[in-house]
Amino acid sequence: VIVVVPVAVVLGGGSNGTNGGDGDSDSNTDTTPILNNNININVVWTRQLIERIVVPAVSYPETLTDPNSPQSRAVHWLTTADDDGGGNGAAAIIIADTTNEAEARAEAHRRVRQRYALAVLYYSTGGGDDGTWKEQYGFLDATRHECEWGSELLNNGWTALECNDADEVVLINLWQNNLSGPIPKELATLPLRTIDFLANKLTGTLPVELTAVSTLNYLNLGYNRLTGTVPASLGDLQQITYLMMDWNDLTGTIPPELGKLGQLSGWLSLEGNHLSGTVPPTLANLTQATWIYLNNNDLTGDAEFLCDVLRPVEGPGYTNENSTSPLLELWVDVREVNCSCCNCCSFVD
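Basis of the calculations
- Residues numbered from 1 in each chain as written.
- Predicted model: local features only at pLDDT ≥ 70, side-chain atom pairs only at ≥ 80, totals over all residues.
- Heavy atoms only, no water.
- Pairing = 2+ DSSP bridges.
- Helix = DSSP H or I, 4+ residues; strand = E, 2+ residues; numbered from the N terminus.
- Salt bridge = Lys/Arg side-chain N within 4 Å of Asp/Glu carboxyl O.
- Buried < 20%, exposed > 50% of the residue type's maximum accessible area, 1.4 Å probe, protein only.
- Contact = heavy atoms within 4.5 Å.
- Lys, Arg positive; Asp, Glu negative; His and termini not counted.
- Core = buried A, V, L, I, M, F, W, Y, C linked by side-chain atoms within 4.5 Å.
- Phe/Tyr/Trp six-rings, centres within 6.5 Å; stacked < 30°, edge-to-face > 60°.
- Disulfide = S-S within 2.5 Å.
- Axes fitted to C-alpha atoms, helices over the stretch in contact; angles between N-to-C directions.

Considering the sheet that holds strand β15 (residues 298–302)
No. 1: Here three strands make up an open sheet; going across it, the order is β13-β15-β19 and the pairing parallel. Of all the strands in the sheet, just β13 (276–278) and β19 (337–338) have a single pairing partner and so form its edges.

Let's talk about the pattern of salt bridges
No. 1: Considering all chains together, one arrives at seven salt bridges under this definition.
No. 2: For the salt bridge of Glu-146 with Arg-111, the shortest nitrogen-to-oxygen distance reads 2.7 Å. Residue Glu-146 is located in the loop between α3 (101–124) and β5 (161–163), and its partner Arg-111 is located in helix α3; the two are separated by 35 residues in the primary sequence. Of the two residues, Glu-146 and Arg-111, both sit in the buried class.
No. 3: The partner of Glu-162 in a salt bridge is Arg-193, and the shortest N-O contact between them spans 4.0 Å. Highlighted residues: Glu-162 in strand β5 and Arg-193 in the loop between β7 (180–182) and β8 (194–196), separated in sequence by 31 residues.
No. 4: Residues participating in the shared-partner salt-bridge network are Arg-111, Arg-115 and Glu-146.

Side note on helix α2 (residues 70–78)
No. 1: Restricting attention to buried positions, one finds in α2 the residues Gln-71, Ser-72, Ala-74, Val-75, Trp-77 and Leu-78.
No. 2: Packing partners of the buried residues in α2 comprise α1 (47–54) and α3.

A closer look at the pairing of β15
No. 1: As paired elements, β13 and β15 share three bridges and run parallel to each other. In the strand pairing of β15, Ser-276 is matched with Asp-298.

Some points on the side chain of Asp-196
No. 1: As for its position among the elements, Asp-196 is in strand β8.
No. 2: There is no salt bridge for the buried Asp-196, and the closest opposite charge comes from Lys-134, which lies 13 Å off by N-O distance.
No. 3: Contact partners of Asp-196, with chain neighbours within four places excluded, come to Asn-156, Trp-158, Ile-172, Asn-173, Leu-174, Trp-175, Tyr-218 and Asn-220.

Some points on the side chain of Ser-69
No. 1: Its place among the elements puts Ser-69 in the loop between α1 and α2.
No. 2: Ser-69 sits in the buried class, given a relative accessible area of 8%.
No. 3: Excluding residues that lie within four positions of it along the chain, Ser-69 makes contacts with Thr-63 and Leu-64.

Concerning the nonpolar core
No. 1: Among the nonpolar cores identified, the biggest contains 88 residues, and Phe-139, Ile-172, Leu-174, Phe-197, Leu-243 and Leu-258 are the most heavily contacted of them.
No. 2: For this core, the elements supplying multiple residues, two or more each, are α1, α2, α3, β5, β6 (169–173) and α4 (304–309).
No. 3: It is α3 that contributes the most residues to this core, 10 residues altogether.
No. 4: Contacts of Leu-258, omitting those with residues within four sequence positions, involve Val-230, Leu-234, Gly-235, Leu-243, Leu-268, Leu-270, Leu-283 and Leu-286.

Topic: the packing of aromatic side chains
No. 1: Counted under the stated rule, the structure contains 12 aromatic pairs.
No. 2: Ring geometry for Trp-158 against Tyr-218: centres 5.0 Å apart, planes inclined by 90°, an arrangement best described as edge-to-face. Of this pair, Trp-158 sits in the loop between α3 and β5 while Tyr-218 sits in strand β10 (residues 218–220), placing them 60 residues apart in sequence.
No. 3: Ring plane angle 35° and centroid distance 6.2 Å describe the contact between Tyr-223 and Trp-247, whose orientation is recorded as tilted. Separated by 24 residues along the polypeptide, Tyr-223 in the loop between β10 and β11 (242–244) and Trp-247 in the loop between β11 and β12 (267–269) bring together distant segments of the chain.

Here's the deal with the state of the cysteines
No. 1: This model, assessed by the stated rule, comprises three disulfides.
No. 2: Each disulfide pairs two cysteine sulfurs, and for Cys-147 the partner residue is Cys-163, the sulfurs being separated by 2.0 Å. Between Cys-147 and Cys-163, the S-S dihedral sits near -90°, and the bridge is therefore left-handed. Taken as a pair, Cys-147 in the loop between α3 and β5 and Cys-163 in strand β5 lie far apart in primary sequence, 16 residues in all. Neither Cys-147 nor Cys-163 differs from the other in exposure class; each is buried.
No. 3: Paired through a disulfide, Cys-339 and Cys-342 show a sulfur-sulfur distance of 1.9 Å. One quick way to see it: the torsion about the S-S bond of Cys-339 and Cys-342 is about 60°, and its sign makes the bridge right-handed. The burial state of Cys-339 is the same as that of Cys-342; both residues are buried.
No. 4: Looking at the chain, its bonded cysteines, counted consecutively from the start of the sequence, adopt the pairing 1-2, 3-5, 4-6.

Regarding unusual backbone geometry
No. 1: At the junction of Val-55 and Pro-56, the peptide bond is cis and its omega measures out at 0° in the coordinates.
No. 2: Relative to the helices and strands, Pro-56 is located in the loop between α1 and α2.
No. 3: A positive phi is found at Tyr-137, a non-glycine position, where the angle reads about 55°.
No. 4: What makes Tyr-137 buried here is its relative accessible area of 12%.
No. 5: The phi dihedral of Arg-311 is positive, around 50°, even though this residue is not glycine.
No. 6: Note on placement: Arg-311 falls in the loop between α4 and β16 (314–315).
No. 7: Taking the relative accessible area as the measure of exposure, Arg-311 reaches 41% and is therefore partly exposed.

Brief notes about the sheet that holds β8
No. 1: Read across the sheet, eight strands follow the order β5-β6-β8-β10-β11-β12-β14-β18 without closing on themselves; strand pairing throughout is mixed. Edge strands, defined here as strands with exactly one partner in the open sheet, are β5 and β18 (329–331). Put simply, the sheet's adjacent strands are angled 10° from each other on average, direction ignored.
No. 2: As paired elements, β10 and β11 share three bridges and run parallel to each other. In the strand pairing of β11, Leu-219 is matched with Leu-243.

Keep in mind that these numbers describe shape and distance, not what the molecule does.
Next comes the structure, spelled out in structure tokens:
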């Protein structure tokens, strides 16, 4: 027997539509039943309500003034109200697994922000039947929980999306999927551990907001068309173990702040860009790295200090015994950079 108990769920902020303290406000209420200990968040999701939830917590307000922007399209996708032309009603599926009204409101808003951020990614990078994505991976299926999108295993061993036990998106894996356009800053609102956008056609700069995602462990942006510089704030990612930005159009110097990534145990790959200047001495602090690739750039100067400290096992023409670090290979352009232990490019004898 299912006992149905009516309960009012207030999804806005304080009374009379005042701000509730988290950037949200609305006076919409809805009398919904508790079914099997769940509160079904069955309100009318107006554009105004959704914008109050995502601005400024996720997006800048000016991004919503253009009806064709990825942000505006994402809001429309979530909207169920007739005042926005109907929308796709993608917020209607949200259910909060709690009987506590305050918790239900917070969880509903979190889910709106999460679905919104993924929709902005989709629209920003060419998702859609008329877009550039090769596979849609179930993205923007309004009838399914976002954690159910992209559940099939891809050939790099991961699914397109993965969530933790709290239904928070922690992995986005859209490698080799013909994504085009900029990486949206809205992704930084997700507690991501893994981003793999390898071998797409992404443009623009790396949003600095992503360098503040403290949970990030794996970031692969290789083989795209990104421009700008390597952000110094990447050095603040204290959980990162793989950092790959190779074969883009990055300029500027290698920031010495990358030397703060002492926990990086996999790859540091910046090869194939237009980086100039010298190899910063702080990279000698990467004593846990397994591969470091700095070749095919415009670097000059001396990197012999890396040989003294890191001692890569696979040097040019020989194999080292290495008790100092797990580093297997260190690559630079040896015609321009002095480094006796470094491997280099195929065009160097």
